[in-house]
There are 2 protein chains.
Amino acid sequence: MSEDSTSNSFNQVTRRSFLKTSTITLAAGGLISSSYGKQVKGSKLGGLLAANDVVLFQGDSITDAGRSRETASKPNLQAGLGSGYAWLAGAELLVDYPDANLSIYNRGISGNKVHQLAERWQVECLDIKPNVLSILIGVNDFWHALNGNYKGTVEIYEKDYRELLKRTSKALPKTKIIICEPFVLRCGAVNDKWFLEFDKYRAASKKLADEFKAPFVPFQTIFDRALNYAPPAHWAGDGVYPSSSGASLMAHHWLQAAAGGR
Amino acid sequence: MSEDSTSNSFNQVTRRSFLKTSTITLAAGGLISSSYGKQVKGSKLGGLLAANDVVLFQGDSITDAGRSRETASKPNLQAGLGSGYAWLAGAELLVDYPDANLSIYNRGISGNKVHQLAERWQVECLDIKPNVLSILIGVNDFWHALNGNYKGTVEIYEKDYRELLKRTSKALPKTKIIICEPFVLRCGAVNDKWFLEFDKYRAASKKLADEFKAPFVPFQTIFDRALNYAPPAHWAGDGVYPSSSGASLMAHHWLQAAAGGR
């Protein structure tokens, strides 16, 4: 507990009394206690997650989101997790299940393409031995090729990504892998030159998710829908890097894929 | 659909093929389709929510969050919903259930106390006839009294709030009411003078939730836990108004209370 709450004994007592009585109705129609005390015993994490799991987020700038390299070795801290979807999803899990002993890490690096993940995969994935590994990669594989800064194609992306997943499955056969769909919003740096080619990268990521029986987080579908309620730049000013609203929406859907339910 | 995606037929076709095959494992142990097509038929909204519902967020600045008054009469748009937890929770519902025909409104006004909600309640709540009404009020009832700008007490807060809830239940007996706990972070404007008195306002909100059998969103508990992962100012710079991370965490827990499950 932080020093902010230890001195607040009334607060603590009141909260305990709150928890005894609080109930909510679930989608399934039953009544369960929403008591945080019950919810957090560590054995009832849903979906892919279980108590004591190590969760690793890997990817590019969207995952990196300004994380501190200095504190990267300590799990669960905002500084080391950045300010993007990985932090928000991680924080929501940690707050939901504080007694589950989760260890959440972020090793996203801005600008990365698949082959750059591969170069640092031993230390920054395999050695961490995640129980749950989430990967979001692909926008730079396309974008840097479009800019002429990288001789990549969708075939190379798919081949490199498949190799990375094979290597991971071989080294860590029990690790549950979540594949996140690369996505863009049509604004900022994202213009007509991106289409239809960029869509092939998305399709490749889905193909690989199916091959490896990995849950797939369909971020492009999600953002396409979100355009009904706010313009593209609200979700990602430059079309690539999500705003805080975009990151929140991503975290919500990542949790649906990783932890089940809403 | 926005103009951004209508021209992208490859995108659409690919997405449909994605949806046919995507499955996720739920906490309950069963396999359900995560197909967005299936998820959104409008009849399977969980918890308090059903297809065609009108959802209204009421409160103070934390709910207001810079919403546009000009577009307030149009539901579901970011401009009218602001940039806080109400918008994020609303957007997540809308994206999850685009065919459910939800109408989501925000009528939070910065600086409001309970008696100011009451003054505008006919037009800005009862006339809107919400099926689900979410209320977050109380921090100004305490803060403005602390500053000497309002002659309020916790007894007045509780009495005014109870009257408001009675009036609502009488006028709209079928409306489901969600009561959100007022909260603060110990930083910025929030110092030792706030405690233990502010805790009594939180306790009063919980007491009223129990009296009216309303789901209660325990935001103080949630933020107290969140302090294990980031300092108070990360969640609310002035101790009262949430950051984007704070708003995201609130939206996540509001959805748990309103829509059930994760």
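Keep in mind the model is a prediction, meaning the values are calculated, not measured.

Draft legend 1. Representation of the overall build of chain A. Across its full length, chain A carries 14 helices and seven strands. In chain A, which comprises 262 residues, the share counted as buried stands at 62%. Excluding contacts between residues fewer than 6 apart, the proportion of contacts in chain A whose partners are at least 24 apart in sequence is 74%. When the accessible surface of chain A is summed, it comes to about 10000 Å², and 53% of that surface belongs to carbon and sulfur atoms.

Draft legend 2. Broad picture of the sheet that holds strand β6 (residues 176–180) of chain B. Residues and elements named next belong to chain B. Across the sheet, five strands lie side by side as β4-β3-β5-β6-β7; this open sheet has parallel pairing. Each of the sheet's edge strands pairs with one partner strand only, and the pair in question is β4 (103–106) and β7 (216–217). Two strands pair when backbone bridges link them, and strand β3 (residues 54–59) and β4 are joined in this way by four bridges, in the parallel orientation. Across the sheet, the residue bridging to Leu-56 is Tyr-105, located in β4. The sheet contacts of helix α10 (residues 154–171) involve β5 (132–136) and β6, and relative to β6 the element is tilted by about 160 degrees.

Draft legend 3. Quick look at helix α14 (residues 244–259) of chain A. Residue and element names in this part refer to chain A. If you check α14, its first and last C-alpha atoms are 21 Å apart, about what 16 residues at 1.5 Å a residue would give, namely 22 Å. Most of α14 sits out of view: 15 of its 16 residues are buried. Its side-chain oxygen placed 3.3 Å from the backbone nitrogen of Ser-245, Ser-243 serves as the N-cap of α14. At the C-terminal side of α14, Gly-260 shows a positive phi close to 80 degrees.

Draft legend 4. Main features of the environment of Val190(B). Relative to the helices and strands, Val190(B) resides in the loop between β6 and α11 (197–211). Separated by 130 residues in sequence, Val190(B) and Asp60(B) have C-alpha atoms that sit 17 Å apart.

Draft legend 5. Molecular detail of the packing of helix α6 (residues 85–96) of chain A against α14(A). All names here are of chain A. It is at 8 Å that the axes of α6 and α14 come closest, and there the two elements cross at 50 degrees. Classed by the angle they form, the pair α6 and α14 counts as oblique. In terms of crossing hand, the pair formed by α6 and α14 is right-handed. On α14, the residues touching Tyr-85, Leu-88, Ala-89, Glu-92 and Leu-93 of α6 are Ser-244, Ala-247, Ser-248, Met-250, Ala-251, Trp-254, Leu-255 and Ala-259. Of the residues that constitute the contact of α6 with α14, the class distribution is 10 nonpolar, two polar and one charged.

Draft legend 6. Representation of the side chain of Glu124(B). Relative to the elements of secondary structure, Glu124(B) occurs in helix α8 (residues 121–124). In terms of polar contacts, Glu124(B) uses its side chain to reach the side chain of Arg120(B), at 2.5 Å.

Draft legend 7. The arrangement of the pairing of strand β6 (residues 176–180) of chain A in detail. All names here are of chain A. Across the five residues that make up β6, a large majority, four, are buried. Inspection of the sheet shows strand β5 (residues 132–136) paired to β6 by five bridges, in the parallel sense. Among the inter-strand pairings, Leu-133 is bridged to a residue of β6, identified as Ile-177. By the bridge criterion, two bridges tie β6 to strand β7 (residues 216–217) in an arrangement that is parallel. Paired with Cys-180 across the strands is Val-217, a residue of β7. In the classification by handedness, the crossover that spans β6, the intervening helix α11 (residues 197–211) and the parallel β7 is right-handed.

Draft legend 8. The arrangement of the packing of aromatic side chains in detail. Tallied over the entire structure, the rule returns 28 aromatic pairs over all chains. Here the aromatic rings of Trp194(B) and Phe198(B) are separated by 5.7 Å at their centres, their planes lie at 65 degrees, and the arrangement is edge-to-face. Grouping aromatic residues by their ring pairs yields a cluster made of Phe57(A), Tyr85(A), Phe183(A), Phe219(A), Phe223(A), Trp235(A), Trp254(A) and Trp87(B). Lying over the aromatic face of Phe195(A), Arg186(A) brings its terminal NZ or CZ to 3.6 Å of the ring centre.

Draft legend 9. Expanded view of the sheet that holds β7(A). Strand order in the open sheet formed by five strands is β4-β3-β5-β6-β7 (chain A), with parallel pairing between adjacent strands. Edge positions in the sheet fall to β4 (103–106) and β7 of chain A, since each of these pairs with one other strand and no more.

Draft legend 10. Representation of unusual backbone geometry within the structure. That bond from Phe195(A) to Leu196(A) is cis: its omega, 5 degrees, falls within 30 degrees of zero. Note that Leu196(A) resides in the loop between β6 and α11. Residue Asn52(A) is not a glycine yet carries a positive backbone phi of 70 degrees. Structurally, Asn52(A) can be placed in the loop between α3 (36–39) and β3 (54–59). Its identity is not glycine, yet Asn76(B) carries a phi of approximately 75 degrees, on the positive side. Structurally, the position occupied by Asn76(B) is in the loop between α4 (61–64) and α5 (78–81). For Asn76(B), a relative accessible area of 12% puts it in the buried group.

Draft legend 11. Highlighting helix α10 (residues 154–171) of chain A. Here α10(A) is 18 residues long and its end C-alpha atoms lie 26 Å apart, about the 26 Å a rise of 1.5 Å per residue gives. Among the structural elements, α7 (114–119), α8 (121–124), β5, α9 (139–146), β6 and α11 of chain A are those in contact with the buried residues of α10(A).

Draft legend 12. View of the environment of Thr63(B). For Thr63(B), the location among the structural elements is in helix α4. Not counting residues up to four positions away in its chain, the partners in contact with Thr63(B) are Phe57(B), Gln58(B), Leu81(B), Tyr85(B), Ala86(B), Asn106(B), Gly108(B) and Leu136(B).

Draft legend 13. Fine view of the side chain of Asp60(A). All names here are of chain A. Topologically, Asp-60 is positioned in the loop between β3 and α4 (61–64). This buried residue, Asp-60, is left without a salt bridge; Arg-120 holds the nearest opposite charge, at 8.7 Å. Residues within four places of Asp-60 in sequence aside, it is in contact with Gly-108, Ile-109, Ser-110, Gly-111, Asn-112, Leu-136, Ile-137, Gly-138, Val-139 and Asn-140.

Procedures and definitions
- Residues numbered from 1 in each chain as written.
- Chains lettered and ligands numbered in written order.
- Predicted model: local features only at pLDDT ≥ 70, side-chain atom pairs only at ≥ 80, totals over all residues.
- Heavy atoms only, no water.
- Helix = DSSP H or I, 4+ residues; strand = E, 2+ residues; numbered from the N terminus.
- Buried < 20%, exposed > 50% of the residue type's maximum accessible area, 1.4 Å probe, protein only.
- Contact = heavy atoms within 4.5 Å.
- Areas by Shrake-Rupley, 256 points an atom, 1.4 Å probe, with all protein chains shown as cover.
- Pairing = 2+ DSSP bridges.
- Axes fitted to C-alpha atoms, helices over the stretch in contact; angles between N-to-C directions.
- Expected span 1.5 Å × (residues − 1).
- Polar contact = N/O pair within 3.5 Å; in protein donor to acceptor, adjacent residues only side chain to side chain.
- Parallel < 35°, antiparallel > 145°, perpendicular 65-115°, else oblique.
- Left-handed = near helix turned anticlockwise from the far one by under 90°.
- Nonpolar A, V, L, I, M, F, W, Y, C, P; charged D, E, K, R; others polar.
- Right-handed = clockwise from strand over helix to strand, strands pointing away.
- Phe/Tyr/Trp six-rings, centres within 6.5 Å; stacked < 30°, edge-to-face > 60°.
- Lys NZ or Arg CZ within 6 Å of the ring centre and 35° of its normal.
- Lys, Arg positive; Asp, Glu negative; His and termini not counted.
- Salt bridge = Lys/Arg side-chain N within 4 Å of Asp/Glu carboxyl O.

Read these as layout, nothing more, since geometry by itself doesn't imply function.
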